[in-house]
Amino acid sequence: MSHLGNQQTVYLSAGSLKEIPRICRLHGATRTFLVVDEVAYNLSGAATQLRQFLPPDAITLFSGFEPNPKIEDVERGVAKCRAANPDLVLALGGGTAIDLAKMIASMTKHKASPHDIAVNGIALSEGSLPLIAVPTTAGTGSESTHFAVVYIEGKKYSVADPCLLPCVAVVDPELTYSVPPKMTAATGLDAFCQAIESIWAVGATDESVAYATSAATLAFEHLPTATNAPTPEARHAMSLASHLAGKAINISKTTLPHAISYAITADYGIPHGAAVATTLSCVLAYNFGVSTSDCADQRGAAHVRQRLSLILDILKVASVEDACLQVEAFVSSLGCSPTLAAAGIQSEESLRVLTSRVNAARLSNNPRTANHEDLLSLLQGRSTIATGSRRRTEAPKATAG
Ligand SMILES: [Zn+2]
């Protein structure tokens with residue numbers, strides 16, 4: 001059976017993992033290729049449950065990969081998957097396990113090597129093995145997107161094809177109950193930032209904005225509880241927020257905070273979602289200053305400002321200054337750094353390195369264009385806002401060194 005993408009069945013409720021045997025039967029699957037993050041697999045309780053559902057001789061297990069998918073892991077997985085010849089791929093874990101499974105399930109069916117497919121953007125015209133994605137964190141929303149990230153010699157590539165969208169997503173909030181506070185905060189911030197960025201993205205549509213607005217509202221309301229004193233209600237809300245943010249960026253893609261974040265994670269070891277959050281407030285301020293001369297969205301600056309006003313509503317504030325303060329207070333309440341300076345990244349030299357390594361594709365999806373000097377100013381917290389801001393009244397910081 002081949003899955004060509006665009007359609008997905010979603011099971012989203014506490015205990016929905018129990019649907020797996022029925023889903024396997026619906027796909028006529030007798031042999032399953034299981035891609036799991038072992039820590040998440042055991043800690044989430046999924047291992048215990050799945051052992052009851054799936055006979056051991058019907059499973060080929062693929063694990064033992066590091067966070068952030070590497071091309072070597074994709075190649076190892078494709079070789080093992082071809083040898084096992086499964087009817088179905090089941091992914092269980094965070095973004096890494098699900099992204100790897102997306103690439104393994106599709107690239108298994110293609111002659112070209114995973115390396116060539118990723119580097120040359122070869123279309124995955126043969127489709128994919130049916131993939132069931134089961135997230136164990138409330139964060140990336142990878143189960144609801146048609147792209148996957150892979151690192152080749154330290155460089156990040158994005159593989160995109162309709163067939164990468166898993167045909168089934170099983171989002172069971174119970175699997176996130178054991179996620180520790182720090183990881184809950186970082187993954188939840190990824191969902192929140194993806195939702196906020198999606199609202200202002202050049203690629204946004206009315207549909208994506210509807211998903212993103214719901215996701216951001218849920219995360220803003222429930223992430224502090226999910227992190228600091230989790231309840232089943234807060235965990236459910238975050239699982240839903242993560243899934244909806246995934247659906248939003250599946251259409252719109254992400255923007256500037258994500259574009260900067262990859263270098264922050266690589267150079268400073270700050271987890272993905274927490275790294276993205278360090279620049280959300282200053283990019284929010286920067287984007288509010290959009291004008292006709294620097295608007296990257298063909299729909300115009302007034303359209304962008306109208307979208308940005310949705311963010312003020314979500315944050316329950318009336319001005320951009322208060323919106324920035326609100327975002328920073330929110331990030332701080334989760335025990336994360338609300339700015340680069342708070343994360344100890346503030347010398348001009350280190351900020352220049354970050355601006356030189358910004359992901360160009362994500363940057364071009366930001367509604368306000370930015371050159372290297374603009375980026376440097378905004379990372380220093382010196383970007384001007386059209387309506388005036390606390391930031392504009394600050395004296396420019398002295399050059400470090
Ligand atoms: Zn992200």
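For the protein, the name recorded in an unreviewed UniProt entry is Alcohol dehydrogenase, with Bremerella alba as its organism.

Here the focus is a negative patch on the surface. A grouping of Glu-72, Glu-75, Asp-116 and Glu-153 is seen on the molecular surface, where their side chains present a negatively charged patch. Structurally, Glu-153 can be placed in the loop between β6 (147–152) and β7 (155–160).

Take the UniProt feature "domain: Alcohol dehydrogenase iron-type/glycerol dehydrogenase GldA" (unreviewed entry) in the protein next. Those residues carrying the UniProt feature "domain: Alcohol dehydrogenase iron-type/glycerol dehydrogenase GldA" (unreviewed entry) are residues 9–173 in this numbering. A helix fraction of 33% and a strand fraction of 24% characterise residues 9–173, whose end C-alpha atoms lie 17 Å from each other.

Summed over all chains, the structure comprises 5 aromatic pairs. Seen in terms of ring centroids, Phe-33 and Phe-62 are 6.1 Å apart; in terms of plane orientation they differ by 20°. Their pairing is stacked. Of this pair, Phe-33 sits in strand β2 (residues 32–36) while Phe-62 is found in strand β3 (residues 59–62), placing the two residues 29 residues apart along the sequence. Note on accessibility: Phe-33 and Phe-62 belong to one class, buried. Their ring planes at 50° and their centres at 5.1 Å tell us that Phe-220 and Phe-330 sit as a pair that is tilted. Highlighted residues: Phe-220 in helix α8 (residues 206–228) and Phe-330 in helix α14 (residues 320–333), separated in sequence by 110 residues. Just as Phe-220 is buried, Phe-330 falls in that class too. Taken together, the ring pairs in this structure connect Phe-33, Phe-62 and Phe-65 into an aromatic cluster. In this arrangement the basic side chain of Arg-368 is found over the ring face of Tyr-286, its NZ or CZ atom lying 4.0 Å from the centre.

Next up on the list: the environment of Gly-127. Counting through the fold element by element, Gly-127 comes out in the loop between α6 (114–120) and β5 (131–135). Taking C-alpha positions, Gly-127 is 6.0 Å from Ser-106, a pair spaced 21 residues apart along the chain.

This part covers helix α13 (residues 301–315). Across its 15 residues, α13 extends 21 Å between first and last C-alpha, which sits within 8% of the 21 Å expected from 1.5 Å per residue. Along α13, the positions that sit buried rather than exposed are Ala-301, His-303, Val-304, Arg-307, Leu-308, Ile-311, Leu-312, Ile-314 and Leu-315. In this fold, the buried residues of α13 make contact with α7 (181–200), α8, α12 (280–288) and α14. Lys-316 sits one or two positions beyond α13 and adopts a positive phi of about 60°.

A few words now on the side chain of Asp-172. The topology assignment puts Asp-172 in the loop between β8 (168–171) and α7. Despite its burial, Asp-172 remains without a salt bridge, the nearest opposite charge being carried by Lys-18 at 6.2 Å. Of note is the side chain of Asp-172, whose polar atom sits 2.9 Å from the backbone nitrogen of Gly-15. In this structure the side chain of Asp-172 is engaged in a polar contact, spanning 3.3 Å, whose partner is the backbone nitrogen of Ser-16. Non-local contacts of Asp-172, meaning those with residues more than four positions away in its chain, are made with Ser-13, Ala-14, Gly-15, Ser-16 and Leu-17.

Here Leu-284 lies in helix α12. Here Leu-284 falls in the buried class, since its relative accessible area comes to 2%. In this structure, the C-alpha to C-alpha distance between Leu-284 and Ser-319, residues 35 residues apart in sequence, is 12 Å. With sequence-adjacent residues up to four places away left out, Leu-284 is seen in contact with Trp-200, Ile-311, Ala-323, Cys-324 and Val-327.

Next up on the list: the coordination of the zinc ion. Within the first shell, the zinc ion binds the protein through Asp-190 (OD), Gln-194 (OE1), His-258 (NE2) and His-272 (NE2), at distances of 2.1 to 2.4 Å. With 4 donor atoms in place around the zinc ion and angles of 86 to 161° between them, the coordination shape is irregular. The sequence pattern formed by the donor residues of the zinc ion is D-x3-Q-x63-H-x13-H. In this pair, Asp-190 is assigned in helix α7 and His-272 in helix α11 (residues 272–277), connecting sequence segments 82 residues apart.

A few words now on the pattern of salt bridges. Throughout the structure, instances matching the rule amount to 11 salt bridges. For the salt bridge of Lys-70 with Glu-66, the shortest nitrogen-to-oxygen distance reads 3.8 Å. Between Arg-352 and Glu-348 there is a salt bridge, and its shortest N-O distance comes to 2.9 Å. Residue Arg-352 and its partner Glu-348 are both found in helix α15 (residues 348–356); the two are separated by 4 residues, about one turn of the helix. A residue is classified by how much of its surface remains accessible, and Glu-348, at 17% relative accessible area, is buried. In this structure, a network of salt bridges that share partners links the residues Glu-348, Arg-352 and Glu-373.

With numbering aligned to this structure, UniProt lists the feature "domain: Fe-containing alcohol dehydrogenase-like C-terminal" (unreviewed entry) at residues 184–380. Here residues 184–380 is 71% helix and 0% strand, with 28 Å between the C-alpha atoms at its ends.

Definitions and cut-offs
Residues numbered from 1 in each chain as written. Predicted model: local features only at pLDDT ≥ 70, side-chain atom pairs only at ≥ 80, totals over all residues. Heavy atoms only, no water. Patch = residues over 30% accessible without salt bridge, like charges linked within 9 Å, V, L, I, M, F, W, Y side chains within 5 Å. Areas by Shrake-Rupley, 256 points an atom, 1.4 Å probe, with all protein chains shown as cover. Salt bridge = Lys/Arg side-chain N within 4 Å of Asp/Glu carboxyl O. Lys, Arg positive; Asp, Glu negative; His and termini not counted. Charge placed at Lys NZ, Arg CZ, Asp CG, Glu CD. Helix = DSSP H or I, 4+ residues; strand = E, 2+ residues; numbered from the N terminus. UniProt positions renumbered as here; feature names shortened; annotations may be inferred. Phe/Tyr/Trp six-rings, centres within 6.5 Å; stacked < 30°, edge-to-face > 60°. Buried < 20%, exposed > 50% of the residue type's maximum accessible area, 1.4 Å probe, protein only. Lys NZ or Arg CZ within 6 Å of the ring centre and 35° of its normal. Expected span 1.5 Å × (residues − 1). Contact = heavy atoms within 4.5 Å. Polar contact = N/O pair within 3.5 Å; in protein donor to acceptor, adjacent residues only side chain to side chain. Donors = N, O, S within 2.8 Å, 3.2 Å for Na, K, Ca; no water. Tetrahedral: all angles 85-135°; square planar, octahedral: opposite > 155°, others 65-115°.

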